[in-house]
Amino acid sequence: MSRIMVVVFSILFFSLQNVQAQDQAGRVEVSFSLGGHTILNDMEPSPPGMTAYLGGQLIYNLTETQAIGVRYGAAAYEISSNLGNAEAWMGDIFAAYRYSWRAGKPTRIYLEAGLGVSDPIPLYDTGVKFAFTAAVGVKRFIGQRFSLGLETRGVSFVQKENTLSSQNVTAAINEFSLVLGYLF
C-alpha cells in the first residue's frame, strides 16, 4: 500500500510542474487521509500488526507557515487472543500545530505536533488515553484549491501491558497516509 501511495504522489509531483502556489494565510483547509496504521509494540499473545487507516483534519492557516487544527483518525483491528478473536476500532483525536516550509511554493514540507486522546490497543487496556502525535509530510497543490500529500505520523501514549497486568508500557503507533486536501 505504501509503494502505491509513493508512486501516485511521484507521478503527480513530477507531472504538475507549472502549478501556481496558493496563498494559505487566513484560509481553512480540510483534508482526508487514507493509509496504513501500524502498532509498533511487540505485544503478546498476538501482535496486532497493520490495518487500514482513515482520517480527517480541519486546519486554519494563521500565516503562510503556521497553522492550527483538529485531527481525527480511526483504524479497525482484528486481534486474536486466548479468549478468541475480536474486532475493535482504535480512534484518536488531536489538537495540532503545524509549521510549513517553502511558503509561496506549490510544494510544501511540514512538521506537525499535537496533544489529544486515543483509544488503547484493543484487548490490552480499556479507557481513553492522553496521547501525543508528531507528523512530517509533503503536499503538492493541484489547481487552485486541491492538494495531494504523503504523511507519516507517530502516535504515543501510556497504557497497561495487558488487561491482567498493572505494569504500564508506552504504546507506539505509525500512520502512513496519502492525504487529499481542499483549501477554502
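Everything below is about the structure printed above this text.
Presented here is an overview of the structure given in this document. (Residues numbered from 1 in each chain as written. Predicted model: local features only at pLDDT ≥ 70, side-chain atom pairs only at ≥ 80, totals over all residues. Heavy atoms only, no water.)

Quick look at the pattern of salt bridges now. Tallying each qualifying case throughout the model produces eight salt bridges. Residue R153 pairs with E151 through a salt bridge whose shortest N-O separation is 3.3 Å. Residue class for R153 comes out buried when judged on its relative accessible area of 2%. You can call E151 buried: its relative accessible area is 2%. Linked through salt bridges whose partners overlap, the residues forming this network are R71, R98, E112, E151 and R153. (Salt bridge = Lys/Arg side-chain N within 4 Å of Asp/Glu carboxyl O. Buried < 20%, exposed > 50% of the residue type's maximum accessible area, 1.4 Å probe, protein only.)

Below, the discussion takes up the packing of aromatic side chains. In this description, an aromatic ring pair is defined by two values, namely the gap between the centres and the angle between the planes. In the structure shown here, the tally under the stated rule is three aromatic pairs. Seen in terms of ring centroids, Y99 and W101 are 5.0 Å apart; in terms of plane orientation they differ by 80°. Their pairing is edge-to-face. With centroids separated by 5.1 Å and ring planes inclined at 65°, the aromatic side chains of F146 and Y182 adopt a geometry described as edge-to-face. Residue F146 is found in strand β7 (residues 146-160), and its partner Y182 is found in strand β8 (residues 168-183); the two are separated by 36 residues along the sequence. (Phe/Tyr/Trp six-rings, centres within 6.5 Å; stacked < 30°, edge-to-face > 60°. Helix = DSSP H or I, 4+ residues; strand = E, 2+ residues; numbered from the N terminus.)

Now for the pairing of strand β1 (residues 28-39). The pairing of β1 with strand β2 (residues 50-61) spans eleven bridges and is classified as antiparallel. Paired with V28 across the two strands is Y60, which belongs to β2. As judged from the eleven bridges shared by β1 and β8, these two strands associate in the antiparallel manner. By the bridge assignment for β8, F32 is matched with L180. (Pairing = 2+ DSSP bridges.)

Despite not being glycine, R102 shows a phi value in the positive range, around 70°. Following the sequence through the fold, R102 ends up in the loop between β4 (84-101) and β5 (107-118). Taking relative accessible area as the criterion, R102 reaches 42% and is therefore assigned partly exposed.

Right, let's talk about a nonpolar patch on the surface for a bit. A contiguous nonpolar patch, built from V70, Y72, I93, V117 and V128 and spanning about 430 Å² of accessible area, is present on the exposed surface. Here V70 is to be found in strand β3 (residues 66-81). (Patch = residues over 30% accessible without salt bridge, like charges linked within 9 Å, V, L, I, M, F, W, Y side chains within 5 Å. Areas by Shrake-Rupley, 256 points an atom, 1.4 Å probe, with all protein chains shown as cover.)

The subject of this paragraph is the nonpolar core. Membership of the largest hydrophobic core comes to 14 residues, with the highest contact counts inside it found for I39, Y77, M90, I121, V155, F157 and I173. Of all the secondary structure elements, the ones that give two or more residues to this core are β3, β4, β7 and β8. (Core = buried A, V, L, I, M, F, W, Y, C linked by side-chain atoms within 4.5 Å.)

Next up on the list: the side chain of S31. Position of S31 relative to the elements: it lies in strand β1. Once residues lying within four places of it in the same chain are set aside, the contact partners of S31 are G55, G56, Q57, V179, L180 and G181. (Contact = heavy atoms within 4.5 Å.)

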